[in-house]
Number of protein chains: 2
Amino acid sequence: MTSQMNIDALVERRERLLGPGNPLFYDEPVHLVRGEGVWLYGADGKQYLDCYNNVPCVGHCHPRVVEALCKQAATLNTHTRYLHENILDYAELLLAKFDDSLDRIAFACTGSEANDLAMRIARTNSGGEGFICTNSTYHGNTAAVAQLSSIFEPIGGYGKNVRMVPWPDSYRAPDGLSGETLADFYIKEVRAAIASFQADGIKLAGIVLCPIFANEGLPNVPAGYMSKAIELVRAAGGYYIADEVQSGFGRTGEWWGHAASGVVPDILTLGKPMGAGHPISGVVANGALLDHYRQQEMYFNTFGGNPVSCAVGQAVVEVIDSEGLVANAKDVGSYVLEKFTELKVKHEMIGDVRGSGLFFGIDLVKVRDSKEPAPEAAGYVVNKMRDSGILMSKIGEHDNVLKLRPPLCFSKENADLLVSTLDEHLAAA
Amino acid sequence: MTSQMNIDALVERRERLLGPGNPLFYDEPVHLVRGEGVWLYGADGKQYLDCYNNVPCVGHCHPRVVEALCKQAATLNTHTRYLHENILDYAELLLAKFDDSLDRIAFACTGSEANDLAMRIARTNSGGEGFICTNSTYHGNTAAVAQLSSIFEPIGGYGKNVRMVPWPDSYRAPDGLSGETLADFYIKEVRAAIASFQADGIKLAGIVLCPIFANEGLPNVPAGYMSKAIELVRAAGGYYIADEVQSGFGRTGEWWGHAASGVVPDILTLGKPMGAGHPISGVVANGALLDHYRQQEMYFNTFGGNPVSCAVGQAVVEVIDSEGLVANAKDVGSYVLEKFTELKVKHEMIGDVRGSGLFFGIDLVKVRDSKEPAPEAAGYVVNKMRDSGILMSKIGEHDNVLKLRPPLCFSKENADLLVSTLDEHLAAA
C-alpha cells in the first residue's frame, strides 16, 4: 500500500538523490509497480488504463518481447565489432518496412543519439550546416539536438545554424486561411528561412521534422505543405530528416508517420517504441548517404546494435506484424476519433479534435469562437483522469492539447472506458 | 559450424545492410554465439578467453544480472516521470561508492550521452565554454563530445572552444624527463591551454580526462600531474570532468579510476560496465552543480533510469561487491603485471608494461633503446592471439600498445593461459 506519506517520502528521497527539476507527471505523482498490456498498477493496487505511453507499443511487458530479451541476455551480449546474426536479421526485417531508397541502417541507443547522428549525415552529404526546424518542437537532449528544440532554450543559446519556421497550424490558422492557401502561407516561411541562410552565407544541411508534428499538437497538415516544403529544401541542397521517434512503428495506423504525406524522407530516425522500452534507436537512410558519412567520421556505439537489443527489436516488429497492431491502430484509432468528435459536439471547451491512428490531440479552448487556449482546463482534466485511473498528458504550443497515445493493442472496449471517463471530467471542467 | 564461406557471407550481408565502414575486429572476424564468465564461444565451437571486454565486467551473462533484468522486464518498464523505487535504491547504492561531495546522479543510456550532459553541467556552472582534453583521446560519439575526440576529426572540424594538451607520457617522455620535472613539463601545457583561452576571450568550462588515460595508452602518470593540472583548471574557474566510462566499476583495482591520483572530480561520467552490457550511463556530481544545470535546461531521457536499467545496474554493483571483484581486479591484476614484467625481460620487443587492476598496456617497440613504436608487431600479435583463442586488441597514439582488459572475474589460471600464449606469439613476432 502506498499512502500519501509514502509518496511524500519517495518524492523527498528522489529530490535528495536525483535533485529537484526532474519532471514528474500529475499533481499527485503516480507510483507504479506493475504493467501488463494496456494496464498499469500502482503500489496501492490501483489500476490505470494507459492512454499515454507509446514506448511499450506492443503493450507493457509483452511476453514474447520479454522472452526474446531474456533468452538472448542469458546467451550472449557483446558489440558490433564481432559478427553476430541478430543485427543482420533485424536490419533486414526492419528495412523491408521502408521504401526501397531507404536501404541502410545505423543503430544507436536513444532517439537523441539518432537525431544527433542524422544531423551529421546531412551535414557531410550537403556540405552545409544550416538546419530548419519548427518553432514549437523537441527532438532530443544532446547539445547538438537541443539546438533544434524550440520548446526549451539550449545552454549557450541558439547558434547561427538554426532557423525556426512556424509549424503548420490549420486550426488557429493565420487570417482564417485554409487548404492550399494556408499551405502556401507556411511554405513562404520555409522559403524565407532558406533565403535567410543564404543571406548569411550558411549552406543548408536540411530540415528536421516530425512528420505528424507531434510536439506541436498534431495539426491536420494543410495539403501540399510537406511536398512543397521538402521540394524547397532539396532544391537548396538540403535533406529531409524525418524524426519518426514518436510517429514510427504503427502509431499512426501506418508503419511510418511519413506515409500520410507520401513524401519519402532522405534520412529517418527511430527510437522510443523500437525496443518497447529497451534502449535502442536507429538512423535509416540511403546507403550512399550513410556510407559517405562513414567515410568522414568513425561512428561506433558500444551498446548500439548489440545482440540483445537486436533480439528485442526484432521481437517488437514480429509482434506488431503477428498481432496486426498497425491495422488495430488504424481501426481503433478511427473509432476513438469518432467518439472524440461526438464529445466535441457535447462540450463547448473542445475546440478541435485531431489525430491519426492511436495518437490524438484534443485542443481545449476557453471559448470556441475565439479559440483561446485553455491550458488550465487541460491540466484539470489530465489530473482528474489520473484520479479516475486513466493516464494521459498534454502538449502543444499553448499547453492546452490533451495528448493521448496508448499502446497499440488498445481495444474498443478500452476506448469506451476512456471516452466515458473523459466525458465526465470535461463536463466538470 | 562457421566455415570461412559463412564468415564471408555474413560480412557481405553486413556491408549491404549496415554499410562498409563499420569496424570489425581482427583480420579474420570472429563470429560469436555464446558467452559465459570470461569465455566466449564462436559459431564453429571455438572457445575464446576474453581478455578484452570491460563491458561485461562481472563476466558474460552473469546469472544474477540476467535474473534481475528478466524479473523487472516481466514486471514493469516505464520512465522517470512516474515514481519507482528501483532508481532510488540504485542511486543510493551507487552514490555511497563516491566521496561525499559527489551526492547526485543523472541517468542516461550511453557514455556519450553522459559526457555530452557533463559538458553542459560544466558550461552552466562555470559560465564558460572552453574545454581542455588530451591530444590522443576519445570520449564519445555525439557531435558535442566528438569535439573532444582527438583520435578522429569531427565533422565540421574542431571548434574554437577546445584546446588539446599532450597526454602525460612518461615512457616516451620529452628530453628524458622524469618524476616531478616531467609532471611540470606537462603542466606547462595545461597552463598554456588556459592562457590561450584567456587570450581568445573564451572562459574555461573545464577539463575532460579519463583518469587512467586509457585511450592514450595507460601511462604511468607522473606524480603530481593530476593535482597540479586540476588546481590550475579550478583556479581558472573550470571543472574537472572525470570520464570514468572505461576506468570505473573496479577496473583499476579500486572502485574508481580517479582514486589513484586522490583528486576527487567535480563531475564524473559512467558508462560501459555500468549495466554489464545493458545500455545505462550516468553523470555524478555535487548536488549544487547538477541542480544549477537543471534550473537552466530541462533534461529528460526517455530510457534513462528506467526500472529495468536500474534493476540491472543495481545487480551489477551487488555482484561486484558480493564476489569481491574489486579486490580480485587488484590481486589478479598485480599477478598479471608481474608476469608481463617477466615477459619484458625475455622479449626485446616489449618496451614497456603498464597498467592498474585488470587493465594493461604492453608497449611494443622495434628497438628497445629508440622506443620506436612497433604497430605492425602489435597487429600481428593481436591476430595470432585471436587464432589461439584469446581476444584482445591494441590502442595508443602509435597504435602499438597491446590492450588487455578482461572481465573482472578473471582468475590467475586464466592469466597463466594468457601469459603463456602471449609468450609464444611474442617469440614469433
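Residues numbered from 1 in each chain as written. Chains lettered and ligands numbered in written order. Predicted model: local features only at pLDDT ≥ 70, side-chain atom pairs only at ≥ 80, totals over all residues.

1. So, the overall build of chain A
Here is step 1: Within chain A, the secondary structure is distributed over twelve helices and 15 strands.
Here is step 2: On C-alpha atoms alone, chain A measures out to a radius of gyration of 22 Å, which is about the 22 Å that the 2.2 N^0.38 rule sets for 429 residues.
Here is step 3: Along the first, second and third principal axes, the C-alpha atoms of chain A reach 60 × 55 × 45 Å.
Here is step 4: Classification of the 429 residues of chain A by burial places 58% in the buried group.
Here is step 5: Summarising the internal contacts of chain A: among those between residues at least 6 apart in sequence, 74% fall at separations of at least 24. (Helix = DSSP H or I, 4+ residues; strand = E, 2+ residues; numbered from the N terminus. Rg over C-alpha atoms; globule rule 2.2 N^0.38 Å. Buried ≥ 20, exposed ≤ 12 C-beta atoms within 10 Å, placed from the backbone. Contact = placed C-beta atoms within 7 Å.)

2. Regarding the confidence of the model for chain A
Here is step 1: When pLDDT is averaged along chain A, the result is 96, and 100% of the positions lie at 70 or above.
Here is step 2: Reported confidence for the predicted complex is 0.97 by ipTM and 0.97 by pTM. (pLDDT = per-residue confidence, 0-100.)

3. Considerations on the interface of chain A and chain B
Here is step 1: Facing 83 residues of chain A, the contacting portion of chain B comprises 83 residues.
Here is step 2: Elements with a contribution of two residues or more to the side of chain A that touches chain B: helix H1 (4–18), strand S1 (32–36), helix H2 (63–73), helix H3 (85–95), strand S4 (104–108), helix H4 (111–126), helix H5 (143–146) and helix H8 (287–296) of chain A.
Here is step 3: When residues of the side of chain A that touches chain B are assigned to their parent elements, the largest contribution, eight residues, is made by H4(A).
Here is step 4: For the side of chain A that touches chain B, a count of residues per class yields 42 nonpolar, 26 polar and 15 charged. (Nonpolar A, V, L, I, M, F, W, Y, C, P; charged D, E, K, R; others polar.)

4. With respect to the relation of the copies chain A and chain B
Here is step 1: For the pair chain A and chain B, the superposition axis carries a translation of 0.0 Å, the fit reaches an RMSD of 0.0 Å, and the rotation angle comes to 180°. When the rotation and shift are considered jointly, the pair of chain copies conforms to a two-fold rotation axis. Minimal C-alpha distance to the rotation axis in chain A is attained by A:Cys70, lying at 2.8 Å.
Here is step 2: Interface overlap between copies: 100% of the residues of chain A at the interface are likewise at the interface in chain B, consistent with a symmetric, same-surface contact. (Least-squares fit on C-alpha atoms with pLDDT ≥ 70 in both.)

5. Looking at helix H9 (residues 307–322) of chain A
Along an α-helix, a turn takes 3.6 residues, which lines up residues three or four apart on a common side.
Residues and elements named next belong to chain A.
Here is step 1: The end-to-end C-alpha distance of H9 is 22 Å, a good match for the 22 Å that 16 residues give at a rise of 1.5 Å each.
Here is step 2: Where burial is concerned, most of H9 is hidden: twelve out of the 16 residues are buried.
Here is step 3: For H9, the set of buried residues is Pro307, Val308, Ser309, Cys310, Ala311, Val312, Gly313, Gln314, Ala315, Val316, Val319 and Ile320.
Here is step 4: Where H9 is buried, its residues meet H2, H3 and helix H10 (325–346). (Expected span 1.5 Å × (residues − 1).)

6. Considering H3(A)
Here is step 1: Listed in full, the buried residues belonging to H3(A) are A:Asn86, A:Ile87, A:Tyr90, A:Ala91 and A:Leu94. Looking down the long axis of H3(A), one finds its buried residues gathered within 125° of arc, a one-sided arrangement.
Here is step 2: Those residues of H3(A) that are buried are in contact with S4 and H9 of chain A together with helix H1 (4–18) of chain B. (Arc of directions from axis to C-beta.)

7. Examining the sheet that holds strand S7 (residues 204–209) of chain B
All names here are of chain B.
Here is step 1: One open sheet accounts for seven strands, arranged S4-S10-S9-S8-S7-S5-S6; its pairing is mixed. At either margin of the open sheet sits one strand with a lone partner, and together these are strand S4 (104–108) and strand S6 (162–165). Strand-to-strand, the axes of this sheet are offset by a mean angle of 20°, without reference to chain direction.
Here is step 2: Bridge analysis of strand S8 (residues 239–243) against strand S9 (residues 267–270) gives three bridges, and the strand direction is parallel. (Pairing = 2+ DSSP bridges. Axes fitted to C-alpha atoms, helices over the stretch in contact; angles between N-to-C directions.)

8. Remarks on the sheet that holds strand S8 (residues 239–243) of chain A
Residues and elements named next belong to chain A.
Here is step 1: With mixed pairing, seven strands are arranged side by side in an open sheet as S4-S10-S9-S8-S7-S5-S6. A strand with exactly one partner marks an edge of an open sheet, and here the two such strands are S4 and strand S6 (162–165). Each strand of the sheet is rotated relative to its neighbour by a mean of 20°, with strand direction disregarded.
Here is step 2: Here S4 pairs with strand S10 (residues 281–285) via five bridges, running antiparallel. Bridge assignment links arginine 104 to a residue of S10, and that residue is alanine 285.
Here is step 3: Its contacts with the sheet put helix H7 (residues 225–235) on strand S7 (204–209) and S8, and the angle it makes with S7 is roughly 160°.

9. Describing the packing of helix H11 (residues 375–387) of chain A against helix H12 (residues 412–428) of chain A
Pairs of packed helices are described in terms of their axes, by the angle between the two and the distance that separates them.
All names here are of chain A.
Here is step 1: The geometry of H11 relative to H12 is characterised by a closest axis approach of 10 Å and an angle of 130° between their N-to-C directions. Taken together, the axes of H11 and H12 lie oblique to each other. Here H11 and H12 pass one another in a crossing that is right-handed. Between H11 and H12, the contacting residues are Val381, Lys384 and Met385 on the first element and Thr421, Leu422, His425 and Leu426 on the second.
Here is step 2: Broken down by class, the residue content of the contact of H11 with H12 amounts to four nonpolar, two polar and one charged. (Parallel < 35°, antiparallel > 145°, perpendicular 65-115°, else oblique. Left-handed = near helix turned anticlockwise from the far one by under 90°.)

10. Regarding unusual backbone geometry
Residue and element names in this part refer to chain A.
Here is step 1: At cysteine 61, a position not held by glycine, the phi torsion is positive, near 50°.
Here is step 2: Structurally, cysteine 61 is set in the loop between strand S3 (47–50) and H2.
Here is step 3: Looking at cysteine 61, the number of C-beta atoms within 10 Å reads 21, which means it is buried.
Here is step 4: The residue phenylalanine 213 is not glycine, and still its phi comes out positive at about 50°.
Here is step 5: Secondary-structure assignment places phenylalanine 213 in the loop between S7 and H7.

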